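Now for the letters of each chain:
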Amino acid sequence: MNAYQGFAYYYDELMEEAPYKEWVLWIEKTLTANEVTAPHLLDVGCGTGRIMADLIKKGYRIDGVDASEEMLAVANEKMPKDQGSRLFCQDMRELEGLGVFDTVIVTCDSLNYLVTKKDVEKAFASFYSHLKTGGLLLFDVHSLSYMEDVLAGFQFAESLENRSCIWNCYNGEDPYSVEHELTFFIKEEDGRYRRFDEFHYQRTFSQQEYEDMLRAQGFKNVRVTADFTDQPPGQGSDRLFFTAIKKDLQ
């Protein structure tokens, strides 16, 4: 979980083509479909606050939490000062003292940074404890096939005026896992380049495993779709989208 340090300050630039608008639209459509009005949202793994900022502009009340102080520092610059959005630096497996929310969102495959079932279960329990009864949990993860057939072996290189980036992905030690190796060269004021490296590790589990872990924590009405659509996942789906409801008290 100790990632996104120096990388935090270049993350938005590197991820400029990421489908943030589609994530926001999916969140809005899901809230509407579940008749959630005027919700108070918690964005877990909020990163640099890109999705938070877009939702705030649309009138949503939202707080954010991330394990990286550097990412939160970037996010803080995006937050409207008159909206009262709070930012917390905590591990998603051990959230505490944040309050109770109508909806918890975990987007941009943030959950894939949890590489054991025990860690995923702890995170689900943590989300559950911060949801109102009947509240929603929304998250997305990479599919098994995307990990195996797309990410493993992925290479990316980009050279701009003031920085260059090399990004390589390899199969990890665990099933359906990948290692991300990133190298940045940043031009300093004196013209010299400073190098820094980042290592990220992600893993995913099967749809059924995620569903079983959700239900074991008390979530119900688990719904799974694929790739920002309303369709169920298929063999070639890249990303799975989960919606689950905190079970009503008996």
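Structure shown above.
Treat the numbers as computed from the prediction; the structure is a model and nothing was measured.

Of note, histidine 142 is situated in strand S5 (residues 131-142). Of the polar contacts made by the side chain of histidine 142, one reaches the side chain of aspartate 109; its length is 3.5 Å. Residues in contact with histidine 142, not counting those within four places in the same chain, are Asp109, Asn112, Met147, Leu151, Gln202, Thr204, Asp238 and Arg239.

Turning our attention to the pattern of salt bridges. Applying the stated criterion across every chain yields a total of 15 salt bridges. In this structure, the salt-bridge partner of lysine 122 is glutamate 94, at a minimum N-O distance of 3.7 Å. Placement of lysine 122 in helix H5 (residues 117-129) and of glutamate 94 in the loop between strand S3 (87-89) and strand S4 (101-106) is noted, with a sequence separation of 28 residues between them. Each member of the salt-bridge network shares a partner with another, and the members are Asp91, Arg93 and Asp119.

The next thing to look at is the packing of aromatic side chains. Applying the stated rule across the entire model yields 14 aromatic pairs. On the numbers, 4.8 Å between centres and 65 degrees between planes, the contact of tryptophan 26 with phenylalanine 241 is edge-to-face. With a gap of 215 residues between them, tryptophan 26 in helix H2 (residues 20-33) and phenylalanine 241 in strand S11 (residues 239-246) connect regions that are remote in the sequence. Accessibility assignment for this pair places tryptophan 26 and phenylalanine 241 in one class, buried. Chaining the aromatic ring pairs together yields one cluster made of Phe124, Phe127, Phe139, Phe205, Tyr210 and Phe242.

Of all 12 residues that make up S5, nine are buried, and the element is covered over most of its length. Pairing geometry for S4 and S5, over five bridges, is parallel. Across the sheet, isoleucine 105 pairs through a bridge with leucine 138, a residue of S5. Pairing analysis gives seven bridges linking S5 to S11, with the strands arranged antiparallel. Paired with leucine 136 across the strands is isoleucine 245, a residue of S11.

Turning to the environment of methionine 15, a few remarks are in order. When you line up the elements, methionine 15 lands in the loop between helix H1 (11-14) and H2. Residue methionine 15 is classed as partly exposed on the basis of its relative accessible area of 21%. Look past the residues within four positions of methionine 15 in its chain and what remains in contact with it is Tyr20 and Trp167.

Below, the discussion takes up the sheet that holds strand S6 (residues 155-159). What the four strands build is an open sheet, ordered S6-S7-S8-S9; its pairing is antiparallel. The outermost strands of the open sheet, each flanked by one partner alone, are S6 and strand S9 (193-203). Pairwise comparison of adjacent strand axes, ignoring direction, gives a mean angle of 10 degrees for this sheet. Pairing between S6 and strand S7 (residues 163-171): five bridges, direction antiparallel. Across the sheet, the residue bridging to glutamine 155 is asparagine 168, located in S7.

About the cut-offs
- Residues numbered from 1 in each chain as written.
- Predicted model: local features only at pLDDT ≥ 70, side-chain atom pairs only at ≥ 80, totals over all residues.
- Heavy atoms only, no water.
- Helix = DSSP H or I, 4+ residues; strand = E, 2+ residues; numbered from the N terminus.
- Polar contact = N/O pair within 3.5 Å; in protein donor to acceptor, adjacent residues only side chain to side chain.
- Contact = heavy atoms within 4.5 Å.
- Salt bridge = Lys/Arg side-chain N within 4 Å of Asp/Glu carboxyl O.
- Phe/Tyr/Trp six-rings, centres within 6.5 Å; stacked < 30°, edge-to-face > 60°.
- Buried < 20%, exposed > 50% of the residue type's maximum accessible area, 1.4 Å probe, protein only.
- Pairing = 2+ DSSP bridges.
- Axes fitted to C-alpha atoms, helices over the stretch in contact; angles between N-to-C directions.

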